[in-house]
Amino acid sequence: MRFAHEPGYLLVVDDNKVNRILLARGLEGDGHKVETAENGKRALEKLRTDSFDLVLLDIEMPEMNGYQVLETCLRDPELRDIPIIMTSSLDEIDSVVKCVELGAEDYLNKPVNPILLRARVNASLEKKRLRDEQRKLFRTFATREVADELLRTGFSLGGKYVNASVMFADIRSFTAIGEKQEPSDTIELLNNYFALMFEAIVGHNGTVNQLEGDGLMAIFGAPIHHDAHREHAVRAALEMIELLKGFNIEQAAQNKIPIKIGIGIATGRVIAGYTGTQYRATYTCVGDTVNIAARIEKHTKEAQRPIMIDQYTSEGLPNDIELEALGPMLFKGKQQAIHIFAVKG
Amino acid sequence: MSIIDPATFNELKQMSGVDFINELIDAFLDDGPDMIQNMYTALDEKDIESFRRNAHSLKSNANTFGATELGTLAKELEFMAKENNLEVGNRLEVLKEAFGKVAEELKGMRT
């Protein structure tokens, strides 16, 4: 049997057995998988143990009414993304309006009209699928917090000044590596490598915002501000080097080429915002700090240190992070020398 | 005139599927007397909220099956409770009697 829409996993909440059976059977007939709960308390228990795509929620219930369930869900970060359709009788229209204002996805009058039921449920499921896909996409580049912030603010393209730490990382002599092996091996190596680096960066509240060849750029402290963005960036860098050791052991075991990377971090004021068009936009940072981070990263090879940071990044780092002062350095195009430190792994 | 509106009932049958109409009827025949009993208890205990909620549920079910008159009676009681008025007179007896008739008719509509 084929259904016009993808089936979903739905929770029907109603204290009235007739309504529960009616809604559940109607939805099951449409191919959905349906659970039921007879009051608000049971509904929340089920919502917390299983992952539902949509809730049909009665307003009038003993123990905990639909309004209270809705409020609880909207306050809970784990539950607030599940769309909720309120079901009510016609004369409860005031309560329904209140629920929709509060954040319910939609409403249905009881006795429920089967055509409307199908249309609203499928529309809500479709919207949720789109949101889930969007979120999944963002999450490959950013933390959950950032993804949520982006969805919440709706990608306003306005820029602003923020204080952040910017990281650049590159694989050394990557072009030469690419010439020594099969193209498929090179792409596989890059994918495995990026998977590890993303884990370290996202794990320390960073956002990877650019990939170019074998290089990446990440931002710490924006778009969501964290006071400890310097430390986050440095700890991410240390974890990247640590993960790379394991990666190289595996490479060696398969007779493949081990890789070395260089990481440069600079801290300061950057202009951050979304750049691009309505169809393709990325969160990015521009400004002097970004240029300095890129220059420091380029310099790691010559200095033979895997992680190097500027003076602003070094300020206020916890004592367990060991630094080696490399002295002032004058970078091309800069008027003033910058004090550089190597981070000991 | 039938006490069950045939158009509403047929629509319901269509929505639930012929297989499930019996399950629905049984649920109503099971729960209906409890709702009415709860209303009597609520009246004794002056529990306006419980009275209102049970009247609301009965109204909702009556309307689902197309039992228009029963629905109207339950709705009246629900609205009285909403206005904090439990001076229901013999309305609860009338409601109980109406439910009995609806129940008889629904039993005959099982397939």
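About the criteria used
- Residues numbered from 1 in each chain as written.
- Chains lettered and ligands numbered in written order.
- Predicted model: local features only at pLDDT ≥ 70, side-chain atom pairs only at ≥ 80, totals over all residues.
- Heavy atoms only, no water.
- Phe/Tyr/Trp six-rings, centres within 6.5 Å; stacked < 30°, edge-to-face > 60°.
- Buried < 20%, exposed > 50% of the residue type's maximum accessible area, 1.4 Å probe, protein only.
- Helix = DSSP H or I, 4+ residues; strand = E, 2+ residues; numbered from the N terminus.
- Lys NZ or Arg CZ within 6 Å of the ring centre and 35° of its normal.
- pLDDT = per-residue confidence, 0-100.
- Pairing = 2+ DSSP bridges.
- Axes fitted to C-alpha atoms, helices over the stretch in contact; angles between N-to-C directions.
- Contact = heavy atoms within 4.5 Å.
- Buried area = accessible area lost by both parts, 1.4 Å probe.
- Salt bridge = Lys/Arg side-chain N within 4 Å of Asp/Glu carboxyl O.
- Polar contact = N/O pair within 3.5 Å; in protein donor to acceptor, adjacent residues only side chain to side chain.
- Right-handed = clockwise from strand over helix to strand, strands pointing away.

All names here are of chain A. Per the counting criterion, the structure on display carries 5 aromatic pairs over all chains. Plain terms: the ring middles of Tyr193 and Phe194 are 5.3 Å apart, the flat faces sit at 50° to each other, and that makes the pair tilted. Residue classification places Phe194 among the buried residues on the basis of a relative accessible area of 9%. Each ring, one from Phe194 and one from Phe198, has its centre 6.5 Å from the other, and the planes form 80°; the classification is edge-to-face. Of this pair, Phe194 and Phe198 both sit in helix H8 (residues 183-203), 4 residues apart, roughly one helical turn. Note that Arg269 overlies the ring of Tyr161, its terminal NZ or CZ placed 3.6 Å from the centroid.

This part covers the confidence of the model for chain B. Caution applies to low-pLDDT parts of the model: their predicted coordinates are not meant to be read in detail. Residue-level pLDDT values for chain B average 92, and 99% of them are 70 or greater. Across the predicted assembly, pTM comes out at 0.62 and ipTM at 0.89.

As a further point, take the sheet that holds strand E2 (residues 33-37) of chain A. Residues and elements named next belong to chain A. With parallel pairing, the 5 strands of this open sheet are ordered in space as E2-E1-E3-E4-E5. Of all strands in the sheet, those bounded by a partner on one side alone are E2 and strand E5 (106-110). For this sheet, the mean inter-axis angle between neighbouring strands, taken without regard to orientation, is 20°. In this structure, strand E4 (residues 84-89) lies alongside E5, joined through 5 bridges in parallel fashion. Its bridge partner being in E5, Thr87 is matched across the sheet by Leu108. The strands that helix H1 (residues 17-29) touches are strand E1 (9-13), E2, strand E3 (54-58), E4 and E5; relative to E2, the one it contacts most, it runs at about 170°.

At the junction of the two partners, chain A supplies 19 residues and chain B supplies 27 residues. Note on chain A versus chain B: buried area summed over both sides is about 1,900 Å², and carbon and sulfur give 60% of it. Summed over the shared surface of chain A and chain B, the number is 2 salt bridges. Close ionic contact of Arg52(B) with Glu60(A) constitutes a salt bridge, the shortest N to O distance being 2.8 Å. The tally of links from chain A across to chain B stands at 5 residue pairs in polar contact (both at pLDDT 80 or more).

Right, let's get into the pattern of salt bridges. Taken as a whole, this structure holds 28 salt bridges over all chains when the rule is applied. Residues Arg235(A) and Asp320(A) are paired through a salt bridge, measuring 3.1 Å at the closest nitrogen-oxygen approach. Here Asp320(A) lies in the loop between helix H11 (311-314) and strand E12 (323-329) and Arg235(A) lies in helix H9 (residues 229-253), a separation of 85 residues in the sequence. Of the residues examined, Arg235(A) reaches a relative accessible area of 24% and is grouped as partly exposed. Exposure remark for Asp320(A): the relative accessible area of 56% places this residue in the exposed category. A cluster of three or more residues bridged by salt bridges with shared partners is formed by Glu60(A), Glu49(B), Arg52(B) and Arg53(B).

We now examine the pairing of E2(A). Residue and element names in this part refer to chain A. Direction of pairing for E1 relative to E2: parallel, over a ladder of 5 bridges. Looking across to E2, one finds that Leu11 is bridged to Glu35. The parallel pair E1 and E2 is bridged by H1, and the resulting crossover is right-handed.

Of the consecutive residues Lys110(A) and Pro111(A), the connecting peptide bond is found in the cis state with omega at -5°. For Pro111(A), the position within the fold is in the loop between E5 and helix H5 (114-141). The phi dihedral of Ser173(A) falls on the positive side, at around 50°, and the residue is not glycine. With a phi close to 55°, Lys46(B) is a non-glycine residue in the positive phi region. Note that Lys46(B) resides in the loop between helix H2 (18-45) and helix H3 (48-65). The class of Lys46(B) is exposed, set by a relative accessible area of 65%.

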